[in-house]
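Working through the structure, step by step
Below, each chain spelled out in residue letters.
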Amino acid sequence: MTEPVALAEVTRTVGDEQIVESVHHGHLVVVGPAGDEGALGDPSLVTFPRSTSKPFQAIACLELLAAHGREDVVAELCDEELAIAWASHRGERMHLDAVSRLLARSGTAPEALTCPTAIPEADTVWPPTTPNEPPSRLRFNCSGKHALFALTGQAMGLSGEALIDPDGPLQQAVLEAVADAIGPLHGWGVDGCGAPAVRSSLRGLASGYRQLAAGGRWARARDAGFAHPLLVGGTGRLESALLAHRVVAKVGAEGVYAAGWTDEHGEHHGIAVKGTDGAVRGAAVAMFAVLVARGAVPGDAWSPEPVTGGPATVGEVRAAPAVTRVAWAEAAGLG
């Protein structure tokens, strides 16, 4: 396997100089109509895509609902409900409201969701509804996905743990759809939310997001994200900023990011990044730098959290030289 390379640097100011304090390493690949358009590290790396699989899981559920005679439900689902179904949300009020609406379609109580509980985070962006609010399944970042599992399972006569059983009919169909999008699966484990967590190649994930950008079978998930970018991520999140610029994007746990976009010639491209240290910030900064270099989004569409010292900004998280100098030397020549 090709060794990981530097994707992002974290600096801290000493006098007039920015000193590199730490480095995030990983792997990155971009694919387009003719195949690979640039790579750093190992584009064939087999890893867990984690929550970047969610758009494909959501479409699989819509297809299952239709196959079990619930075309009416598929037609009635609004973009807000579908966007929250492939979100890894922050638990802001808008997220909780969207999950609640989706749960109401199946009559599922929040405590019956098949994801773990989460507590309100100490941030004024998403205040608890009451002081000392207890942990709830509704606030877990995957609650929208599990709400759609509950709705789909109702049509299939499934409930409880059967909804996330990797050998059960719902998850078998979901796994098949994910494989259709991102290529052969190299087995699966258990995700943080309790659902199956597949393994696939990084190149396959980038190819899946190229398909997602193109639409086709996956268009409803893509378009719901475009319509409601903040529901997919939340305030300050990179994926929400990208969706607002019609770049379909999703974060995954342990340093995974993926995105797909359509260029000015109508050609579709996909990118996937895996930070080997599991840090999302390194993967996010590297991916954003690539998208800016490729003209997919403006440079002011998003900025990472600065490095602070007390109230002052004393450093930055920036793309490593390899990202801007090497990967895009090839890609720039393809335009």
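Data block above holds the structure.
We now turn to the structure provided with this report.

Details of the packing of aromatic side chains
Evaluation of the coordinates by the stated rule reveals three aromatic pairs. Between Phe56 and Tyr209 the ring centres are 5.7 Å apart and the planes differ by 85°, which places this aromatic pair in the edge-to-face class. Here Phe56, found in helix H1 (residues 54-67), pairs with Tyr209, found in helix H7 (residues 202-214); they are 153 residues apart in sequence, far enough to count as distant. Of the two residues examined, Phe56 and Tyr209, each falls in the buried class. A ring pair is formed by Phe56 and Trp218, whose centres lie 5.1 Å apart and whose planes are at 80°; its orientation type is edge-to-face. One end of the pair, Phe56, is in helix H1; the other, Trp218, is in the loop between H7 and helix H8 (219-227), and 162 residues separate them in sequence. Across this residue pair, the class does not change: Phe56 and Trp218 are buried.

Here's the deal with helix H6 (residues 169-182)
The terminal C-alpha atoms of H6, which comprises 14 residues, lie 20 Å apart, in line with the 20 Å expected from a rise of 1.5 Å per residue. Of all the residues in H6, the buried ones are Leu170, Gln171, Val174, Leu175, Ala177, Val178, Ala181 and Ile182. Viewed end-on, H6 has its buried residues packed into an arc of 165°, placing them on one side of the element. On its buried face, H6 is in contact with H1, helix H5 (143-156), strand E5 (188-190), strand E6 (196-198), strand E7 (200-201) and H7. Gly183 sits one or two residues past H6 and shows a positive phi near 95°.

Section: the nonpolar core
The biggest cluster of nonpolar side chains holds 66 residues, and the ones touching the most others in it are Phe56, Leu102, Leu148 and Leu170. Ranked by residue count, the leading element in this core is H1, at eight residues. Apart from the residues within four sequence positions on either side, Leu170 is in contact with Leu64, Phe149, Thr152, Gly153, Met156, Leu158 and Leu163. Core analysis: the next-biggest nonpolar cluster, separate from the first, contains 35 residues, Ala8, Trp261, Ala284 and Val323 among them.

Things to note about the environment of Leu212
Following the sequence through the fold, Leu212 ends up in helix H7. The spatial distance from the C-alpha of Leu212 to the C-alpha of His269 is 9.5 Å, given a sequence separation of 57 residues.

A few points about the pattern of salt bridges
A side chain of one charge can pair with a side chain of the opposite charge when the charged atoms of the two come close. Summed over the entire model, instances satisfying the criterion amount to 14 salt bridges. Here Glu9 makes a salt bridge to Arg318, at a shortest N to O gap of 2.9 Å. Here Glu9 is found in strand E1 (residues 5-14), whereas its partner Arg318 is found in strand E13 (residues 317-319), with 309 residues between them in sequence. A relative accessible area of 12% means that Glu9 is categorised as buried. In this structure, Arg93 engages Asp97 in a salt bridge whose closest nitrogen and oxygen atoms are separated by 3.7 Å. With a gap of four residues between them, Arg93 and Asp97 both fall in helix H4 (residues 93-106), about one helical turn apart. Relative accessible area serves as the criterion here: at 37%, Arg93 is assigned to the partly exposed category. Given a relative accessible area of 33%, Asp97 falls into the partly exposed group. Three or more residues are tied together by salt bridges with common partners; here these are Glu9, Glu316 and Arg318.

Quick word on the layout of surface pockets
The computed volume of the largest pocket comes to approximately 820 Å³. Along the wall of the largest pocket there are 38 residues; nearest its centre are Arg90, Arg237, Glu239, Val251 and Val280. Among the elements that line the lining of the largest pocket, the one with the most residues is helix H11 (residues 280-293), at four residues. Here the lining of the largest pocket is built from residues that sort into 19 nonpolar, 10 polar and nine charged.

A closer look at H1
An ideal rise of 1.5 Å per residue puts 20 Å on 14 residues; H1 measures up with 20 Å between its terminal C-alpha atoms. The element H1 is largely enclosed, with a buried count of 11 among its 14 residues. With its phi angle positive at about 80°, Gly69 sits one or two positions after the end of H1.

Reading guide: rules and limits
- All residue numbers refer to position in the chain's written sequence, counted from 1.
- Since the coordinates come from a predicted model, pLDDT governs what is reported: local features require at least 70, and pairs of side-chain atoms require 80 or more to be given and counted, while whole-chain, interface and lining totals use all residues.
- To get the side-chain values, take all heavy atoms of the structure and skip hydrogens and water.
- Geometry of aromatic contacts follows a simple scheme: Phe, Tyr and Trp rings, the Trp one being its six-membered ring, pair when their centres are within 6.5 Å, and the pair is stacked under 30 degrees between planes, edge-to-face over 60, tilted otherwise.
- Secondary structure elements are taken from DSSP: a helix is a run of H or I of four residues or more, a strand is a run of E of two residues or more, and numbering for both begins at the N terminus.
- In this scheme, a residue with accessible area under 20% of its type's maximum is buried, one over 50% is exposed, and one in between is partly exposed, where area comes from a 1.4 Å probe on protein chains only.
- By this rule the span expected of a helix is its residue count minus one, scaled by 1.5 Å.
- An arc is given here, and it is the one of the directions from the helix axis to the C-beta atoms.
- Any two residues having at least one pair of non-hydrogen atoms within 4.5 Å are treated as being in contact.
- Buried Ala, Val, Leu, Ile, Met, Phe, Trp, Tyr and Cys residues that are joined via side-chain atoms within 4.5 Å together make up what is termed a nonpolar core.
- A pairing counts as a salt bridge when a side-chain nitrogen of Lys or Arg comes within 4 Å of a carboxyl oxygen of Asp or Glu.
- The way it works is a 1 Å grid over only the protein atoms, where trapped points that fit a 1.4 Å probe form a cavity and open points with protein on both sides within 12 Å along at least five of seven lines form a pocket, and then any residue with an atom within 4 Å of a point lines it.
- Grid points are joined across faces, edges and corners, and a volume is the space filled by probe spheres set on the points.
- Each residue receives one of three labels: charged for Asp, Glu, Lys and Arg, nonpolar for Ala, Val, Leu, Ile, Met, Phe, Trp, Tyr, Cys and Pro, and polar for the others, Gly being one of them.

Purely geometric numbers; function is a separate question.
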